[in-house]
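# Summary of structural features
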Amino acid sequence: MEKLPKIAMPLIIGAVILFIIISKSLVTIGPGEGGVLFEPLGDGINTERTYGEGFHIVAPWNDMIVQKVRQQSISENMNVLSVNGLDITVSGTIWFEPEFKNLGLLIQTKGEDYIRELLNPAINAAAKSVVGRYTPEQLYSSKRDIIELEILEEVRNELDGQYVNVKRVLVENVKLPTTIKDAIERKLKQEQESLEYEFRLVTAKKEAEKVIIEAQGKADANRILSASLTDKILQDKGIEATVKLSESPNSKTIIIGSGDTGLPIILGNQ
């Protein structure tokens, strides 16, 4: 009985050491994440392999660095200058993802905080370069989509060969000085009213042209009809009307001859 505690103590110590080794050796990488090994007894970051999701067993003296490798987004508020030197605040969001197979190279060259060290400076540089080409009015109204595409292209150029892929850039808001914003809104309102007035003028002109065309058509039809009513047609029509009148049971028509036009001369009805 006295020997039992002496035997149990080494077993307990061994169990604790074994538990620590297993816990250090068993690494879990979650969904949308990747891992690279840091080997302090070797060459540091292992750039040859990126570990995927699931359980992995590694040597207890190595560390697994886990990073998100799915698509991510960050939002930025950037103070930039327009082409005429006005201070403008641009709010935007960028979607990106690190290259899975090159995650080790990314961490080795840019560090684990590569978003702050690499991505943010690239976004700011691209935004300043692009926004500096436009006037406040263009930034506020019609050029938003073009600006987004140009910033995306600039960011991709900045990050070329840096192991990060930028998917999309969205410019959410452009904040101008109040006086400039009010002036632009007044100008846009005046332009809208001018376009509306021009539209009404064009519509009225088209309606007038329609009336003229319809009147001209009626005049042409009457002229053609008048030209087609020859003396022979008039004579035939008169005879036809006289015959119908004479056939009426309630009338008595006396026809004494025809006039110069060849139409019957009717003295009266009884």
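A short tour of the structure in this document, coming up. Computed from a predicted structure; not experimentally measured.

## What about the sheet that holds strand β2 (residues 33-39)?
Ordered in space as β3-β2-β5, the three strands form an open sheet in which the pairing is antiparallel. If you trace the sheet from one side to the other, it starts and ends with β3 (44-45) and β5 (63-68), each paired once. Strand direction decides the pairing type here: β2 and β3, joined by two bridges, are antiparallel. Among the inter-strand pairings, Glu39 is bridged to a residue of β3, identified as Gly44. Strands β2, β3 and β5 of the sheet are contacted by helix α2 (residues 103-110), whose axis makes an angle of about 60 degrees with β2.

## Some words on helix α5 (residues 144-158)
The terminal C-alpha atoms of α5, which comprises 15 residues, lie 21 Å apart, in line with the 21 Å expected from a rise of 1.5 Å per residue. The complete set of buried residues in α5 reads Ile147, Glu148, Ile151, Leu152, Glu154 and Val155. Projected onto a plane normal to the axis of α5, the buried residues spread over an arc of 165 degrees and lie on a single side. More than 90 degrees from the buried face of α5, the exposed residues found are Asp145, Leu149, Glu153 and Asn157. If you follow the buried residues of α5, they end up packed against β7 (87-98), α3 (114-131), α4 (136-140) and β8 (164-175).

## Let's talk about the side chain of Asn120
Of note, Asn120 is situated in helix α3. The contact partners of Asn120, leaving out residues within four places of it in the chain, are Ile74, Glu76 and Ile115.

## Some points on α2
When we look at burial in α2, the residues that qualify are Leu103, Gly104, Leu106 and Ile107. The arc that holds every buried residue of α2, seen down its axis, measures 165 degrees, which confines them to one face. If you follow the buried residues of α2, they end up packed against β2, β3, β5, β7, α3 and β8. Following α2 by one or two positions, Gly111 adopts a phi angle in the positive range, close to 90 degrees.

## Focus: the packing of α3 against α5
Contact geometry for α3 and α5: axes closest at 8 Å, N-to-C directions at 135 degrees. In this view, α3 runs oblique relative to α5, as classed from their interaxial angle. Where α3 crosses over α5, the two elements pack in a sense that is right-handed. Between α3 and α5, the residues in contact are Ala122, Ile123, Ala125, Ala126, Ala127, Ser129 and Val130 and Ile147, Glu150, Ile151, Glu154, Val155 and Glu158, respectively. When the residues that make up the contact of α3 with α5 are grouped by side-chain class, the tally is nine nonpolar, one polar and three charged.

## Considering the nonpolar core
Residues Leu119, Ile151, Leu159, Val164 and Val166 are the most contacted members of the largest nonpolar core, which totals 36 residues. Of all elements in the fold, only β6 (72-81), β7, α2, α3, α5 and β8 reach the threshold of two or more residues within this core. The element that contributes the greatest number of residues to this core is α3, accounting for nine residues. Both domains that furnish three or more residues to this core are identified here as domain 1 (7-68) and domain 2 (72-176). Once residues lying within four places of it in the same chain are set aside, the contact partners of Val166 are Ile94, Trp95, Phe96, Leu119, Leu152, Val155, Arg156 and Leu159. Val27, Ile29, Tyr51 and Met64 belong to the second largest nonpolar core, which has six residues in total.

So, how was this worked out
- Residues numbered from 1 in each chain as written.
- Predicted model: local features only at pLDDT ≥ 70, side-chain atom pairs only at ≥ 80, totals over all residues.
- Heavy atoms only, no water.
- Pairing = 2+ DSSP bridges.
- Helix = DSSP H or I, 4+ residues; strand = E, 2+ residues; numbered from the N terminus.
- Contact = heavy atoms within 4.5 Å.
- Axes fitted to C-alpha atoms, helices over the stretch in contact; angles between N-to-C directions.
- Expected span 1.5 Å × (residues − 1).
- Buried < 20%, exposed > 50% of the residue type's maximum accessible area, 1.4 Å probe, protein only.
- Arc of directions from axis to C-beta.
- Parallel < 35°, antiparallel > 145°, perpendicular 65-115°, else oblique.
- Left-handed = near helix turned anticlockwise from the far one by under 90°.
- Nonpolar A, V, L, I, M, F, W, Y, C, P; charged D, E, K, R; others polar.
- Core = buried A, V, L, I, M, F, W, Y, C linked by side-chain atoms within 4.5 Å.
- Domains from an automatic or database assignment.

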